[in-house]
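Each chain is listed here by its residues.
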Amino acid sequence: MAKKKITGPRKRGFICLNAHPAGCEANVQAQIELAKQESNGSFDNVLVIGSSTGYGLASTLTACFGLGAKTLGLCFERPSDEKKDGSAGWYNVCAAHAAAKAEGKHLETLNIDAFAHESKQQVIDILKDRYGKLDLIIYSLASPKRKDPDSDTLWSSVLKPIGETFRGKNINLRDSTIEEVEIESANDEEIEHTQRVMGGDDWKLWINALNEAGLLNDGCRSVAYSYIGPEVTHALYRSGTIGKAKEDLEAQAKDIDAAMKSACNGSALVSVNKALVTQASSAIPVVTLYTSILYKVMKEAGNHEGCIEQIVRLFKDHIGPGATPSVDDNGRIRMDDLELSADIQAKVNEIWPTVTTENLRDVTDYNGFEYEFDKLFGFGVDGVDYEEEVETHREL
Ligand code: NAD
């Protein structure tokens, strides 16, 4: 037993050093209730790569609790032990496992490096042993680093513009002020490294390995998540290093799609999702300010969605059992349709130049951003008593 009181988050900018297990559990439970709204048909077996937080967690819960699939998830989290607290993602998957057990659902999680060849083999062995062919494979990794599976090279991704120095407005998350940031253009090596980490290479390796192992069911789909975003973030995001990596992911989707078509009459797709507060997105300068404004505008318009609402809609309308995806001219599902609608973006563009440190909490939903950020780590969650001691060691 490792009980203690965890009263609040210990934050350092976009990093939170601790997590509250009961808060994470309450978050997961609330998402499970929403995931059950997607119960149109069923899947037998689903694999989610990047399953412990953000869009991947929402996908896992939808597959398992909505569609009743035997679900295998992969993540890379800090597990708890008798002395050490776990990461939020660890507590999320432990809570999801407990709920699955209570409801008679099948959910397993492997806490391993998804980029390694051995991990792929481990997953294949488990799928052959306890699952069978896959109906759906979700690829939802967000990682700052990737170790080359064939050498000792460690690639690191950077968030930088390409070609020109970026100068723009940003929220300094350490003191909640508006600052002007200057971010130097990436060099060729940084561009290449970011693509190696966040591009489509690893997704392709996964599909090849699963195909060679005979684990793709007839009509199997694989979906990877991407982001485009508005004009105000383009210099840093879509036209920057991360955008180049996303372009690579989207280009490789076409090859993976062709391979899946011939292998199992299946398909590979990219879903462009909405900007949301997650651990990965909070690390991106400028995007945090954009998200705070976007939340304000979309909440006022009554069409704001969180991860689970986006994913439930994605499954219902595009990738769930029997659904036919609708795609744009580049073959991508556009879950960012509401975010990028002309009226929403016009309001964002109106607010953007007016934001100052003094009016940050009035003209944007920065309070909502902070609330969502804390919630990612289990803090500020309704119904959780933060004065009570909590068991910090959780097991899968
Ligand atoms: P996240 O940080 O919440 O989740 C990342 C997941 O990847 C976690 O489960 C983590 O454990 C796992 N992971 C990281 N490295 C791993 C490794 N080596 N092995 C196994 N698992 C590993 O991120 P997110 O925001 O949900 O992003 C997921 C995807 O969605 C990304 O491709 C991202 O670009 C995309 N996306 C995010 C947003 C957004 O606003 N958050 C918008 C559109 C698209």
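Caption draft 1: Looking closely at unusual backbone geometry. Positive phi is not limited to glycine here, since Ser176 has a value of about 55°. With respect to the helices and strands, Ser176 occurs in the loop between strand 10 (166-172) and strand 11 (177-183). Positioned with a positive phi, Asn265 is a non-glycine residue whose angle comes to about 60°. Here Asn265 shows up in the loop between helix 8 (241-264) and strand 13 (267-272). According to the relative accessible area criterion, Asn265 is exposed, its value standing at 57%.

Caption draft 2: Representation of the nonpolar core in the model. With 85 residues, the main nonpolar core has Leu61, Leu136, Ile138, Leu289, Ile293 and Ile319 as its most contacted residues. Sorting elements by how many residues they give to this core places helix 3 (residues 88-102) first, with nine residues. Each residue touching Leu289, except ones within four places of it in the same chain, is listed here: Lys169, Asn170, Ile171, Ile178, Trp352, Val355, Leu360 and Thr364.

Caption draft 3: Expanded view of the environment of Asp113. Secondary-structure assignment places Asp113 in the loop between strand 6 (107-111) and helix 4 (117-131). Asp113 sits in the partly exposed class, given a relative accessible area of 22%. Between the alpha carbons of Asp113 and Pro325 there is a distance of 30 Å; along the sequence they are 212 residues apart. Here Asp113 is in contact with Phe76 and Ser119, once residues within four sequence places are set aside.

Caption draft 4: Seen up close, the side chain of Glu250. With respect to the helices and strands, the residue Glu250 is situated in helix 8. A distance of 2.9 Å separates polar atoms of two side chains, one belonging to Glu250 and the other to Arg332. Beyond its immediate chain neighbours, meaning those up to four positions away, Glu250 contacts Ser226, Arg238, Val270 and Arg332.

Caption draft 5: Looking closely at the pairing of strand 12 (residues 216-226). By the criterion of burial, strand 12 is predominantly enclosed, with eight of the eleven residues buried. The pairing of strand 7 (residues 134-139) with strand 12 spans five bridges and is classified as parallel. Residue pairing for strand 12: Ile138 is matched across the bridge by Val223. Two elements, strand 12 and strand 13, share six bridges in a ladder whose sense is parallel. Its bridge partner lying in strand 13, Ala224 is registered against Val270.

Here is what the cut-offs are and how they apply
Within each chain, residues carry numbers counting from 1 in the order of the written sequence. Confidence filtering applies because this is a predicted model: local features only for residues at pLDDT of at least 70, side-chain atom pairs given and counted only at 80 or more, and all residues used for totals across whole chains, interfaces and linings. The side-chain figures draw on all heavy atoms in the structure; neither hydrogens nor water molecules are used. Numbered from the N terminus, helices here are DSSP runs of H or I no shorter than four residues, and strands are runs of E no shorter than two. When accessible area is computed with a 1.4 Å probe and restricted to protein chains, residues below 20% of their type maximum are described as buried, those above 50% as exposed, and intermediate ones as partly exposed. In this description, a nonpolar core means a group of buried Ala, Val, Leu, Ile, Met, Phe, Trp, Tyr and Cys residues linked to one another through side-chain atoms lying within 4.5 Å. Contacts are residue-level and defined by heavy atoms, with any inter-residue pair within 4.5 Å sufficient. Polar contacts here mean pairs of N or O atoms no more than 3.5 Å apart (in protein, one a potential hydrogen donor and the other a potential acceptor; neighbouring residues in sequence count only if both atoms are side-chain atoms). The pairing criterion is simple: DSSP has to find at least two bridges between the two strands.

These results come straight from atomic positions and should not be treated as a statement about function.
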